[in-house]
Amino acid sequence: GDRFFITTVDSERDDNGVHFRQRNSAMKLSSILVAASASSIAAFAPSRPACRRTRLSMSSESASEEDRRSFVSKSAASAGVAALSTLGTATPASAAATKQWKQVKVPFEDTVYDISFDSPTHGYIVGARGAFAETSDGGQTWEPRSFSNLDAEEEISYRFQVVSFKDGEGWVLGKPTLLLHTKDGGKSWERIPLSPKLPGEPTGILALGPNQAEMITSSGAVYTTENAGRNWKAQVKETIDATLNRISSSGVSGASYFTGSIVNEQRDSDGSYLAVSSRGNFFLTWQPGQEFWIPHNRGTPRRIQNMGFVRGDIKNGVWMTLNGGKLLVSEKADLSSEEFPFNEAAIKTGGYGITDVAWRNDNEVWAVGGSNTMFYSTDNGKNFSFDKSANDIPGNLYNVKFFPEFGNAGWALGSGGLLLKYEGMA
């Protein structure tokens, strides 16, 4: 596999390389900065140390280094992962179950969190413990990628959660906070500095075009850049907790005096966002041009596990998964209302939690979840049948994605290095 050398280049930029100007005081997000409170106004204020931007280039990796890089921890799964399987009683079964997905081998055994392509053949997958791999043949084979200047212990401390590519330009977001950017299809990477006082942790990044990207944080701050991350412009006037503590949210259960963060942030094709409160007791929406996030009731006593968009657009509606394997779909969402008219889908999960849902086209819908369960619908999400593609593989599936711009290729991602490619009906 290839490794990336890291060399540090001095820059003249302040605040770790990002120019942000402090314009006003508490709770306001100016066109340049976001602040969740008076103390966080300094989030993007210039710091004294000069910024150091990092450039990364590739070299070959020795066998011994690759062996160390491929080491997989055998420690127990986290409580959240365990919950996906312990909720279930028995894996759903059906005599007529289909098998529409094929497992693809990847060069690591860590959880795969995200996948992105910038052409029908070229793409990347990212995952836990620094897992990072590239394909040049449409995902048939994957080659490991890593960073030479990080030793094995340091490298596996990063969890790469998001990867996004567009026309050869890509972004990778990791945790602890790490943002990488490439302009040459991944041949070289630059580390983009972000202030440690950023309101919330960066949780999403989307490539929008040459030097352009959009980023969201766990506090609901949305930023765009047009110069490869040197400057970021705030799109939302306030963070979520600031909004909910300023306005009356008594009509939305759990929203008043909110002090938590948001999780499972999703962006649709037109830039609208959907997010779930960290406690799973309500959700929020935001559309470009709105100054604030709008809270909504979940309409059920069960906790929200995840949410997303019907056919990738909030105008088509939203879906919601709940603890216990429930799936609800709302196709007539009034974004200004506190209540959404959800209908429960007919899906027999055996109690296993559903972690993600994706529309392949107007009628075909896929849902994945705990114990690598997979379900599909051919009637726009009203009724689901079981698919046994991953039935004999231990672990959990976390993500299912289709790429309509590249032949509608479909991928399902999960724990233990599990990557499945959509094949369709035999």
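Residues numbered from 1 in each chain as written. Predicted model: local features only at pLDDT ≥ 70, side-chain atom pairs only at ≥ 80, totals over all residues. Heavy atoms only, no water.

A. Representation of the environment of Val-318. In this structure, Val-318 sits in strand β21 (residues 318–322). Residues in contact with Val-318, not counting those within four places in the same chain, are Leu-274, Met-307, Gly-308, Phe-309, Val-310, Leu-328, Val-329, Ser-330, Phe-340 and Phe-342. (Helix = DSSP H or I, 4+ residues; strand = E, 2+ residues; numbered from the N terminus. Contact = heavy atoms within 4.5 Å.)

B. Quick look at the side chain of Ser-218. Turning to its location among the elements, Ser-218 is positioned in the loop between β13 (212–217) and β14 (222–225). Among the residues examined, Ser-218 registers a relative accessible area of 13% and is labelled buried. Setting aside its immediate chain neighbours within four residues, Ser-218 contacts Gly-200, Glu-201, Thr-203, Ser-261, Ile-262 and Glu-265. (Buried < 20%, exposed > 50% of the residue type's maximum accessible area, 1.4 Å probe, protein only.)

C. Expanded view of the packing of aromatic side chains. Within the structure shown, the criterion is met by 24 aromatic pairs. Aromatic side chains Phe-132 and Phe-160 sit 5.7 Å apart centroid to centroid with 55° between the ring planes, which places their arrangement in the tilted category. A residue pair is termed long-range when its members are at least 10 positions apart, and Phe-132 in strand β6 (residues 132–135) and Phe-160 in strand β8 (residues 159–166) qualify at 28 residues. Each of the two residues, Phe-132 as well as Phe-160, counts as buried. Pairing Trp-366 with Tyr-422 gives two aromatic rings, centres 6.1 Å apart and planes at 75°, and the pair type is edge-to-face. Of this pair, Trp-366 sits in strand β25 (residues 365–369) while Tyr-422 sits in strand β30 (residues 419–422), placing them 56 residues apart in sequence. (Phe/Tyr/Trp six-rings, centres within 6.5 Å; stacked < 30°, edge-to-face > 60°.)

D. Region of interest: unusual backbone geometry. Here the bond from Lys-175 into Pro-176 is cis, since omega is -5°, no more than 30 degrees from zero. The backbone of Asn-211 shows a phi angle near 65°, a positive value even though the residue is not glycine. Tracing the backbone shows Asn-211 in the loop between β12 (202–209) and β13.

E. Spotlight on the sheet that holds strand β16 (residues 262–267). Here 4 strands make up an open sheet; going across it, the order is β16-β17-β18-β19 and the pairing antiparallel. Of all strands in the sheet, those with a lone pairing partner are β16 and β19 (294–297), marking the two edges. Recorded for the sheet is a direction-independent mean angle of 25° between the axes of neighbouring strands. Examined bridge by bridge, β16 and strand β17 (residues 273–277) share 4 bridges and lie antiparallel to one another. (Pairing = 2+ DSSP bridges. Axes fitted to C-alpha atoms, helices over the stretch in contact; angles between N-to-C directions.)

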